[in-house]
Amino acid sequence: MAFTVDVEDWFCSPELSLDDWEQYEIRLERPIYDILDLLDERNSTGTFFILGWIAERRPNLIKEIARRGHEIASHGYSHRLVYQQSAQEFRADIRKSKHILEHLTGTQVYGYRAPCFSITLSALDILVEEGFVYDASIIPNTLNSLYSKFNLAPTWLTPFKLKQKLWEIPMPVLYLGPFNIPWGGGGYFRLYPYWLFDSGANRIVKNQGSFIFYIHPYDLDEGQPQIFNTSWINSIRRYYGLKHTTKKLNRLLTNFTCTSIREYHSHIFEGK
């Protein structure tokens, strides 16, 4: 299993501006260190998709993630939805993030994940031009309105060349009749009982041969302020199960061998 973390805080929402972000408390350090310690205990590694805005404000945390042997990748700078940015804005956003992360860690950033999986085909071309090797932003044809819509066949759920020089590493979904149910982690990991998530993950591994898991620091932060209560379903999606996430994450790392995307799919980096 490839283990990934989207390094963003509880307030890093596309609904808020960067000016809004400045007024809120940065709380992600404790859950990030909890995740790092759990990975250390299992001799596991992961890929950390980091917001450039966070990296500017917590540079020592980013250096510590890299020091512990984890892959550093980009989550963009501002967590704006890709399809709400112009081509010029998107290029500037990922270029700024990539520069910050490479300067802090002294290593090249190869991977990108779009905020809320909002990637577009034109954005993938820009990723190639900006020197990225892979994207991990596509969740095939799901019901979440924020995600980009790509109609991928079930056989395309393993890494494939989507653009020249760019690999796509799709996020896992569970096929139930006509529905593609997101099964990669995040809020879904909190919502599903662990036995159910584990069963689905094993089914995907059996059928597809690979699995990409993701988590956010705020998924482990039971004490975070609850400001996103626009609807009951969004409130459940965002806050349900917070106090159980760490225990479930410990079980996941016990039941699966976890590593970074760069190690898990090392063939895509040949010659790099």
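Residues numbered from 1 in each chain as written. Predicted model: local features only at pLDDT ≥ 70, side-chain atom pairs only at ≥ 80, totals over all residues. Heavy atoms only, no water.

Visitor: Would you mind going over the pattern of salt bridges with me for this structure?
Guide: Following the criterion strictly, the structure yields 18 salt bridges and no others. The salt bridge involving Arg42 is made with Glu41; its shortest N-O contact spans 3.9 Å. Taking relative accessible area as the criterion, Arg42 reaches 29% and is therefore assigned partly exposed. You can call Glu41 exposed: its relative accessible area is 52%. Close ionic contact of Arg91 with Glu130 constitutes a salt bridge, the shortest N to O distance being 2.9 Å. (Salt bridge = Lys/Arg side-chain N within 4 Å of Asp/Glu carboxyl O. Buried < 20%, exposed > 50% of the residue type's maximum accessible area, 1.4 Å probe, protein only.)

Visitor: Help me understand helix α6 (residues 121–129), please; the structure alone is not making it clear to me.
Guide: Three- or four-residue spacings in an α-helix give side chains the same orientation, since the helix completes a turn every 3.6 residues. The complete set of buried residues in α6 reads Ala123, Leu124, Ile126 and Leu127. Along α6, the residues classed as buried sweep out an arc of 160° about the axis, all on the same side. Counted as exposed and oriented over 90 degrees from the buried face of α6: Ser122 and Glu129. One or two positions beyond α6, positive phi appears at Gly131, with a value near 90°. (Helix = DSSP H or I, 4+ residues; strand = E, 2+ residues; numbered from the N terminus. Arc of directions from axis to C-beta.)

Visitor: Can you help me understand the nonpolar core in this one?
Guide: Nonpolar side chains in soluble globular proteins tend to be buried together. One finds Phe3, Phe48, Tyr134, Phe213, Leu249 and Leu252 to be the most contacted residues of the largest nonpolar core, which totals 81 residues. Apart from the residues lying within four places of it in its own chain, the contact partners of Phe48 are Val5, Val7, Ile32, Ile35, Leu36, Leu39, Ile65, His70, Glu71, Ile72 and Ala73. (Core = buried A, V, L, I, M, F, W, Y, C linked by side-chain atoms within 4.5 Å. Contact = heavy atoms within 4.5 Å.)

Visitor: Got a minute to help me understand the environment of Gly46 in this structure?
Guide: Here Gly46 shows up in the loop between α2 (29–41) and β2 (47–50). Placed 25 residues apart in sequence, Gly46 and Glu71 show a C-alpha to C-alpha distance of 6.3 Å. Setting aside anything within four residues of it in sequence, one finds Gly46 in contact with Phe3, His70, Glu71, Thr259 and Ser260.

Visitor: In this structure, what is going on with the side chain of Ser74? I would like to understand it.
Guide: Tracing the backbone through its elements, the reader meets Ser74 in strand β3 (residues 71–74). A distance of 2.9 Å separates a polar atom in the side chain of Ser74 from the backbone nitrogen of Gly76. Ignoring any residue separated from it by four or fewer positions in sequence, one finds Ser74 in contact with Phe49, Ile50, Ser97, Leu101, Val109, Gly111, Tyr112, Arg113 and Phe132. (Polar contact = N/O pair within 3.5 Å; in protein donor to acceptor, adjacent residues only side chain to side chain.)

Visitor: Please clarify how the environment of Phe90 should be interpreted in this entry.
Guide: Checked against the element boundaries, Phe90 lands in helix α5 (residues 87–105). Among the residues examined, Phe90 registers a relative accessible area of 2% and is labelled buried. Expressed as a C-alpha distance, the spacing of Phe90 and Ala123, which sit 33 residues apart in the sequence, is 7.4 Å. Here Phe90 is in contact with Val82, Gln85, Tyr112, Ala123, Ile126 and Leu127, once residues within four sequence places are set aside.

Visitor: Whenever I open this one, the packing of aromatic side chains confuses me. Can you help?
Guide: For any pair of aromatic rings, geometry is given as the distance between the ring centres together with the angle between the planes. The tally for this structure, following the rule as stated, stands at 20 aromatic pairs. Seen from their ring centres, Phe11 and Trp21 are 6.1 Å apart, and the 65° between their planes marks the pair as edge-to-face. Linking Phe11 in the loop between β1 (2–7) and α1 (18–21) with Trp21 in helix α1, this pair joins segments that are 10 residues apart in sequence. A single burial state applies to Phe11 and to Trp21, both of which are buried. Aromatic side chains Tyr134 and Phe269 sit 5.8 Å apart centroid to centroid with 85° between the ring planes, which places their arrangement in the edge-to-face category. With Tyr134 in strand β5 (residues 134–135) and Phe269 in the segment after α11 (261–264), the pair connects residues that are 135 residues apart, well separated along the chain. According to the relative accessible area criterion, Tyr134 is buried, its value standing at 0%. (Phe/Tyr/Trp six-rings, centres within 6.5 Å; stacked < 30°, edge-to-face > 60°.)

Function-wise, these values are silent; they only describe arrangement.
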